[in-house]
Amino acid sequence: MTGLALAMDVAAVGFFAWFVVLRTRGRTVPASDGGGQSVASLLIAVSLALLSVSLWSIP
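Here we summarise the structure given alongside this text.

What counts, and at which threshold
- Residues numbered from 1 in each chain as written.
- Predicted model: local features only at pLDDT ≥ 70, side-chain atom pairs only at ≥ 80, totals over all residues.
- Heavy atoms only, no water.
- Helix = DSSP H or I, 4+ residues; strand = E, 2+ residues; numbered from the N terminus.
- Buried < 20%, exposed > 50% of the residue type's maximum accessible area, 1.4 Å probe, protein only.
- Contact = heavy atoms within 4.5 Å.
- Areas by Shrake-Rupley, 256 points an atom, 1.4 Å probe, with all protein chains shown as cover.
- Expected span 1.5 Å × (residues − 1).
- Arc of directions from axis to C-beta.
- Core = buried A, V, L, I, M, F, W, Y, C linked by side-chain atoms within 4.5 Å.

Focus on the overall build of the protein
A tally of helices and strands in the protein yields two helices and zero strands. Each of the 59 residues in the protein was classed as buried or not, and the buried ones make up 20%. Expressed as a percentage of contacts within the protein between residues at least 6 apart in sequence, the contacts between residues at least 24 apart total 74%. Counting only carbon and sulfur atoms, one obtains 75% of the accessible surface of the protein, whose full area is about 4,100 Å².

A short note on helix H2 (residues 36-56)
Its 21 residues give H2 an end-to-end C-alpha distance of 31 Å, which sits within 8% of 30 Å, the value for a rise of 1.5 Å per residue. Listed in full, the buried residues belonging to H2 are Ser38, Ser41, Ala45, Leu48, Ser52 and Leu55. Burial along H2 is one-sided: seen end-on, the buried residues are contained in an arc of 105°. Facing away from the buried side of H2, by more than 90 degrees, are the exposed residues Leu43, Leu50, Leu51 and Val53.

Quick notes on the nonpolar core
Counting residues in each nonpolar core, the largest one holds five residues, listed as Ala5, Met8, Ala12, Leu48 and Leu55. Within the residue set of this core, elements represented by two or more residues are helix H1 (2-28) and H2. If sequence neighbours within four positions are ignored, Ala12 has contacts with Ala45, Leu48 and Ala49.

Some points on the side chain of Ser52
Checked against the element boundaries, Ser52 lands in helix H2. The class for Ser52 is buried, based on a relative accessible area of 1%. Setting aside residues no more than four positions away along its own chain, Ser52 makes contact with Ala5, Met8 and Asp9.

Printed below as a string of structure tokens:
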């Protein structure tokens, strides 16, 4: 289960990095989706991180 938790945390970091890229790019290039894609990637990152917390305690 630790491997699954680690994979979820790595994916969460990836989604958070994508959120940062979208937010910094959005300041220079106008977004056509109104910021929905960046908010969705942030919500996915947070949910993956929160779901993996319980997996870390399982041996």
